[in-house]
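Residues per chain are reported as follows:
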Amino acid sequence: MSIVKRAVILVAAVCMLVGSPAMTASAACEHKDTGRDLQWTGQYRYSSYTHTVILGYYTNGTPITVQCHVNKTEKIYVTYCQACHEYVGVAYEYYKEAHEVVHD
């Protein structure tokens, strides 16, 4: 076989190997026991609720109560699976909480 034919065959083989797409097994990944990254989105989730707090009792046994209004802030993260290189969910992390007491 001549050197030119060998060179052409070698170049064709290299092109087929280098040009082949990477294969992933994302369909079989169940995202269990794999490394996951939390990536912060730069956004927050806000929620609020009110609850009653008993401060004490009057002499007749009636409770002394106030309403506490709570504003809660959480950071929003997306979960990234390192095994299949896909975003697989959303996670929330406590950031801060503010309490405001309103007297009855």
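The structure under discussion appears in the preceding block.
Residues numbered from 1 in each chain as written. Predicted model: local features only at pLDDT ≥ 70, side-chain atom pairs only at ≥ 80, totals over all residues. Heavy atoms only, no water.

Draft legend 1. Looking closely at the state of the cysteines. Overall, the coordinates contain zero disulfides when judged by the stated rule. Among the cysteines around Cys 81, which has no disulfide bond, Cys 84 carries the closest sulfur, lying 3.7 Å off. Looking at Cys 81, the relative accessible area reads 0%, which means it is buried. Look at Cys 84 and you get buried, because its relative accessible area is 7%. (Disulfide = S-S within 2.5 Å. Buried < 20%, exposed > 50% of the residue type's maximum accessible area, 1.4 Å probe, protein only.)

Draft legend 2. Just the packing of aromatic side chains, in detail. One pass over the full model with this rule turns up four aromatic pairs. Measuring from ring centre to ring centre gives 5.7 Å for Trp 40 and Tyr 44, while their planes differ by 70 degrees; the resulting arrangement is edge-to-face. Here a set of aromatic residues connected by ring pairs shows up, and it is made of Trp 40, Tyr 44, Tyr 46 and Tyr 95. Between Arg 45 and the ring centre of Tyr 92, over which it is positioned, the NZ or CZ distance is 3.6 Å. Sitting above the plane of the Trp 40 ring, Lys 75 keeps its charged end 4.7 Å from the centroid. (Phe/Tyr/Trp six-rings, centres within 6.5 Å; stacked < 30°, edge-to-face > 60°. Lys NZ or Arg CZ within 6 Å of the ring centre and 35° of its normal.)

Draft legend 3. Representation of the pairing of strand E1 (residues 36-57) within the structure. As judged from the 18 bridges shared by E1 and strand E2 (residues 63-81), these two strands associate in the antiparallel manner. Within the sheet, the bridge partner assigned to Ser 47 lies in E2 and is Lys 72. Counting the residues that bridge the hairpin from E1 to E2 gives five residues, and of these Gly 61 lies at a positive phi of roughly 95 degrees. (Pairing = 2+ DSSP bridges. Helix = DSSP H or I, 4+ residues; strand = E, 2+ residues; numbered from the N terminus.)

Draft legend 4. Layout of the pattern of salt bridges. All chains considered together, the criterion is met by two salt bridges. Ionic pairing is found between Glu 74 and Arg 45, a salt bridge with its closest N-O pair at 2.7 Å. Within this pair, whereas Glu 74 is found in strand E2, its partner Arg 45 is found in strand E1, the two being separated by 29 residues in sequence. Of the residues examined, Arg 45 reaches a relative accessible area of 35% and is grouped as partly exposed. We note a salt bridge from Glu 74 to Lys 72, for which the minimum N-O separation is 3.9 Å. One salt-bridge network, held together by shared partners, links Arg 45, Lys 72 and Glu 74. (Salt bridge = Lys/Arg side-chain N within 4 Å of Asp/Glu carboxyl O.)

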